[in-house]
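# Breakdown of the fold
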Amino acid sequence: MVAGFLTNGSVLALYVLQPSLCSPFAIYMINLFIANLIEIALRYPIDLVNELHGRWWTSWSSCTVSLYCVYVVQGAMYNAHAVIALNRLWAIACPRSYHQKHTRKYAITVCVSMWIYLHIFLLPGVVSDAMYYRPTLTAGCIFNAQAQLWWAYIIQALIYCLPISVVLVTYPVVCIKMCLQWRVRVFPLSVKPACRRTFTATTRSSVIGKRNGAALGKNHGFLILTLMTCCVLICYGPLTVFFISLLYFDYIIPSLHTVANILFELITLLDPIIFVLASADIRRAFQSSCLNWC
């Protein structure tokens, strides 16, 4: 919990201290880190206190806050990864459109729309559970899914399964597109024979240099997408499988819930580490900031 708070908080603090780093793509990462931070700051302390007491010791309102995080905030974490994957697909599949239309304002609009969409679908269920359906807290803070079964079916598919599917389907498409673009970045064979005599070694190195420079940003985003796809599969996959089995097939997979919860909590720590390791600009900013603080 402490490590996740420090990693997500330090990256967000870096963007506050150095706004020049806040590119349109970074907005999506900030959105993810904010969701991680809300989860860590609100739900983890509540659950920790109650686990130390061996029962649900805190109030009814704290249970509502915990369930809000379980549904809305965790839904934001899932969907933030899907938004990042779709953004990378847009950047690689349609680079001209991406550079013309993708601004900070556009990225902020997408992120705010994501949170509004999640609240529209999820908040009514959480509020209804708190007001009408939740059992007593003697057995713990439990969402009464049976009382809102069709709602639970829909949001499991739409809010949790769909984002993972988007990430897993987007990645191979991006890989194929990157491979095709890599072939084009080699010597431009489309140059007409009559013009090839004037295409000197200096000109060729200049063109390749420009293309390689343009590719650095794509490679940076592709590396983040690769690492995050692996994290989504490893950390979100088991918990999603557990709830699919529980909701749709009424079967509890033995021992999976404990392992799945540990992996799920691990991703809040891994997200900012992946971003820092994959981004040279952020690494340099961290190094300079650390030197200034020291």
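What counts as what
- Residues numbered from 1 in each chain as written.
- Predicted model: local features only at pLDDT ≥ 70, side-chain atom pairs only at ≥ 80, totals over all residues.
- Heavy atoms only, no water.
- Phe/Tyr/Trp six-rings, centres within 6.5 Å; stacked < 30°, edge-to-face > 60°.
- Helix = DSSP H or I, 4+ residues; strand = E, 2+ residues; numbered from the N terminus.
- Buried < 20%, exposed > 50% of the residue type's maximum accessible area, 1.4 Å probe, protein only.
- Lys NZ or Arg CZ within 6 Å of the ring centre and 35° of its normal.
- Salt bridge = Lys/Arg side-chain N within 4 Å of Asp/Glu carboxyl O.

### Quick notes on the packing of aromatic side chains
Following the criterion strictly, the structure yields 16 aromatic pairs and no others. Here Y71 and F143 contribute two aromatic rings whose centre-to-centre distance is 4.7 Å and whose plane-to-plane angle is 45°, an arrangement assigned as tilted. In this pair, Y71 sits in helix 3 (residues 60-93) while F143 sits in the loop between helix 5 (104-133) and helix 6 (149-185), placing the two residues 72 residues apart along the sequence. The buried category is assigned to F143, whose relative accessible area is 11%. Seen in terms of ring centroids, Y78 and Y160 are 5.2 Å apart; in terms of plane orientation they differ by 85°. Their pairing is edge-to-face. Of this pair, Y78 sits in helix 3 while Y160 sits in helix 6, and the two are 82 residues apart along the sequence. Looking at Y160, the relative accessible area reads 6%, which means it is buried. The cationic tip of R88 hangs over the ring face of F25; the distance from NZ or CZ to the ring centre is 4.2 Å. Over the face of the ring belonging to W60 we find R134, whose NZ or CZ atom lies 4.7 Å from the ring centre.

### A short note on the pattern of salt bridges
Pairing between side chains of opposite charge can happen when the charged atoms of each approach one another. Taken as a whole and assessed by the stated rule, the structure comprises three salt bridges. Between R43 and E39 there is a salt bridge, with its nearest N and O atoms 2.7 Å apart. In this pair, R43 and E39 both sit in helix 2 (residues 24-53), four residues apart, roughly one turn of the helix. Exposure class is identical for R43 and E39. Each is buried. A salt bridge links D47 to R43; the shortest N-O distance between them is 2.6 Å. Separated by four residues within a single helix, D47 and R43 lie in helix 2, roughly one turn from each other.

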